[in-house]
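# Coordinate analysis (summary)
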Amino acid sequence: MNEDEKKVVSKMIAMYCRSKHGSKKGLCDECDALNRYAVQRLERCPFGDEKPTCASCPIHCYKSDMRLRIKEVMRTAGPQMLLLHPVDAVRHFYQERRRNRTFAVKSKVNLKK
Ligand SMILES: [Zn+2]
C-alpha cells in the first residue's frame, strides 16, 4: 500500500511546520489540514502501489491551493529530509523512480492497444 508514502509525506509536513510556523508539537491547523488532505489523496489514488510521482502523474488530483502548499513543503523539507532521514528519503526517491519506469512502460502498452 501507500503506507510508506503517507509516513514520508507526514514527516515532511511536520518538518515544514516546525521550521516555517515554529510548531513545537504536532502541526498547526493549516498543516494539519494539508496533512489530512495529502493522506486522503494517497488513499484514493487509483494507481495504488504503482503510483507514479505526483509530479509526473496524469491525474493531478490536488486542488490548486493544496498543490501550491504541498509544493512549498517539498521544496522546504526535501533537502532536510535527505539530511535527517537519508534512508527514508533515498528509499522514497528510489521507489518513485522505479514506479515511474513501470508506469511509463504500462502507458506505452496501453497506447499500443
Ligand atoms: Zn504549520
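My aim in this report is to walk through the structure given alongside it, one point at a time.

### A look at the nonpolar core
In this structure, Met 12, Ile 13, Tyr 16 and Val 73 are the most contacted members of the largest nonpolar core, which totals 14 residues. Elements with a minimum of two residues in this core: helix H1 (3–21), helix H2 (29–44) and helix H3 (64–84). At 6 residues, H1 tops the list of elements feeding residues into this core. The residues touching Tyr 16, leaving out its near neighbours within four places in the chain, are Cys 31, Val 73, Thr 76 and Ala 77.

### Quick notes on H2
Helical geometry: 3.6 residues make up each α-helical turn, so side chains three or four residues apart lie on a common side. Here H2 is 16 residues long and its end C-alpha atoms lie 23 Å apart, about the 22 Å a rise of 1.5 Å per residue gives. The complete set of buried residues in H2 reads Cys 31, Leu 34, Asn 35 and Ala 38. Projection of H2 onto a plane perpendicular to its axis shows the buried side chains occupying an angular sector of 100°, all on one side. Within H2, the exposed residues directed more than 90 degrees away from the buried face are Asp 29, Gln 40, Glu 43 and Arg 44. Buried residues in H2 make contact with H1 and H3.

### Details of the packing of H1 against H3
Interhelical geometry of H1 versus H3 gives an angle of 100° and a closest axis separation of 9 Å. Relative to H3, the element H1 lies roughly perpendicular. The residues of H3 that touch H1, namely those facing Met 12, Ile 13, Met 15, Tyr 16, Ser 19 and Lys 20, are Val 73, Met 74, Thr 76, Ala 77, Gln 80 and Met 81. Split by residue class, the contact of H1 with H3 holds 8 nonpolar, 3 polar and 1 charged.

Analysis parameters
- Every chain begins its residue count from 1, and numbering advances along the sequence as written.
- Residues qualify for local features only when their pLDDT is at least 70, as the model is predicted, and side-chain atom pairs are given and counted only at 80 or more; totals for whole chains, interfaces and linings, by contrast, use all residues.
- In these notes, a nonpolar core means any group of buried Ala, Val, Leu, Ile, Met, Phe, Trp, Tyr and Cys residues linked to one another through C-beta atoms within 7 Å.
- Once C-beta atoms are placed from the backbone, each residue is buried if 20 or more other C-beta atoms lie within 10 Å of its own, exposed if 12 or fewer, and partly exposed for counts between those two.
- Helix and strand definitions follow DSSP, with helices as H or I runs of at least four residues and strands as E runs of at least two, each counted in order from the N terminus.
- Once C-beta atoms have been placed from the backbone, residue pairs whose C-beta atoms lie within 7 Å are recorded as contacts.
- Each residue after the first adds 1.5 Å to the expected span of a helix.
- Arc definition: it is the arc formed by the directions from the helix axis to the C-beta atoms.
- Fitted lines through C-alpha atoms give the axes, limited to the stretch in contact for helices. The angle between two N-to-C directions lies from 0 to 180 degrees.
- Working rule for angles: under 35 degrees goes down as roughly parallel, over 145 as roughly antiparallel, 65 to 115 as roughly perpendicular, anything else as oblique.
- Polarity classes work like this: nonpolar for Ala, Val, Leu, Ile, Met, Phe, Trp, Tyr, Cys and Pro, charged for Asp, Glu, Lys and Arg, and polar for all others, with Gly in that last group.

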